[in-house]
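# Observations on the three-dimensional arrangement
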Amino acid sequence: QVQLVESGGGLVQAGGSLRLSCAASGRTFSSYAMGWFRQAPGKEREFVAAITWSGNTYYADSVKGRFTISRDNAKNTVYLQMNSLKPEDTAVYYCAAKQSYSGSYYLERGDYDYWGQGTQVTVSS
């Protein structure tokens, strides 16, 4: 069982930056593939970024070049650095975990086994 707790959300002006953190419980964090998703009001939850247990990354086209996902296995934490934020990035951001040593990326909601409670990001124009 893994528990995930996101933090770092807030209100920022367009063009600004935020760094989200997702702290995971448990002793096997390094064996988990991690992902970030977001859900805007009235929209489906969508994939943002993923990182494999070995540190390989993958991004949605909408955030490529602006967002960076990373992990610190010693701290059981995954991060999402968000730069050049746009109003359309406004959403609740969720982190997710899936135990996997396959080295694959996981891009679908149904691929993940554990979810955090979410953190609100609001970008003003």
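Structural notes, computed from the coordinates. (Residues numbered from 1 in each chain as written. Predicted model: local features only at pLDDT ≥ 70, side-chain atom pairs only at ≥ 80, totals over all residues. Heavy atoms only, no water.)

### Let's talk about the overall build of the chain
- In terms of helices and strands, the chain carries 0 helices and 11 strands.
- Starting at the N terminus, the α and β elements of the chain follow one another as β-β-β-β-β-β-β-β-β-β-β.
- What you see for the chain is a C-alpha radius of gyration of 13 Å, in line with the 14 Å of a compact globule of 125 residues.
- On the principal axes, the C-alpha backbone points of the chain span a range of 40 × 25 × 25 Å.
- Looking at the chain residue by residue over its 125 residues, the buried ones come to 46%.
- The long-range fraction of contacts in the chain, counting pairs at least 24 apart against all pairs at least 6 apart in sequence, stands at 61%.
- Treating the 12 positive side-chain charges of the chain as one cloud and the 10 negative ones as another, the clouds have centres 5 Å apart. (Helix = DSSP H or I, 4+ residues; strand = E, 2+ residues; numbered from the N terminus. Rg over C-alpha atoms; globule rule 2.2 N^0.38 Å. Buried < 20%, exposed > 50% of the residue type's maximum accessible area, 1.4 Å probe, protein only. Contact = heavy atoms within 4.5 Å. Lys, Arg positive; Asp, Glu negative; His and termini not counted. Charge placed at Lys NZ, Arg CZ, Asp CG, Glu CD.)

### Focus: a nonpolar patch on the surface
- The grouping of Tyr58, Tyr105 and Leu107 at the surface amounts to a nonpolar patch, some 260 Å² of accessible area in total.
- Counting through the fold element by element, Tyr58 comes out in strand S6 (residues 57–59). (Patch = residues over 30% accessible without salt bridge, like charges linked within 9 Å, V, L, I, M, F, W, Y side chains within 5 Å. Areas by Shrake-Rupley, 256 points an atom, 1.4 Å probe, with all protein chains shown as cover. Salt bridge = Lys/Arg side-chain N within 4 Å of Asp/Glu carboxyl O.)

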